[in-house]
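What the coordinates show
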Amino acid sequence: MSFYQYHLFFCINERDDGSPCCAQFNARDARHHLKQRCKEVGIHKEGGIRINSAGCMGRCESGPVIVVYPEAIWYSYVDREDLDEILESHLLAGRPVQRLRLPD
């Protein structure tokens, strides 16, 4: 068994030149929201979920982005409701959220 069931990486990259980046979509706040929600439901721990910040992951045109391992499922999200849906459907029930998935 892996140390974590799921390991999420949130792109929080910020570009000084004004070009598209995940930070323009409040990615830090989004990461904080999902991490807090995981703590509330008791899954942010060893054997559960780990949420980390990441620099640019090269998918700026699709931002903001999250990648969930071990499946390597990429998501884009718009608001906290999208993040809550990822939590409830994918992280808790094991069903990826098709409408938010990015192509591989």
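Residues numbered from 1 in each chain as written. Predicted model: local features only at pLDDT ≥ 70, side-chain atom pairs only at ≥ 80, totals over all residues. Heavy atoms only, no water.

1. A word on the overall build of the protein
The following threshold applies: Strands are runs of DSSP state E lasting at least two residues, helices are runs of H or I lasting at least four, and both sets are numbered from the N terminus onward. The globule rule used here is 2.2 Å times the number of residues to the 0.38 power, and the radius of gyration it is set against is calculated over C-alpha atoms. For each residue, the accessible area found with a 1.4 Å probe, counting protein chains only, is set against the maximum for its type, and the residue is called buried under 20%, exposed over 50%, and partly exposed in between.
Summing up its helical and strand segments, the protein has two helices and four strands in all. When the helices and strands of the protein are read in sequence order from the N terminus, they spell out β-α-β-β-β-α. Against the compact-globule benchmark of 13 Å for 104 residues, the protein has a radius of gyration of 13 Å, which places it among compact chains. Seen along its three principal axes, the alpha-carbon backbone of the protein occupies a region of about 40 × 25 × 25 Å. Counting all 104 residues of the protein, 45% fall into the buried class.

2. Describing the environment of R59
What counts is decided by this rule: It only takes one pair of heavy atoms within 4.5 Å for two residues to be counted as in contact.
Relative to the helices and strands, R59 resides in the loop between β2 (49-54) and β3 (65-69). Assessed through its relative accessible area of 16%, R59 is described here as buried. Sequence separation between R59 and I12 is 47 residues; the distance between their C-alpha atoms is 12 Å. Once residues lying within four places of it in the same chain are set aside, the contact partners of R59 are V65, W74, L102 and P103.

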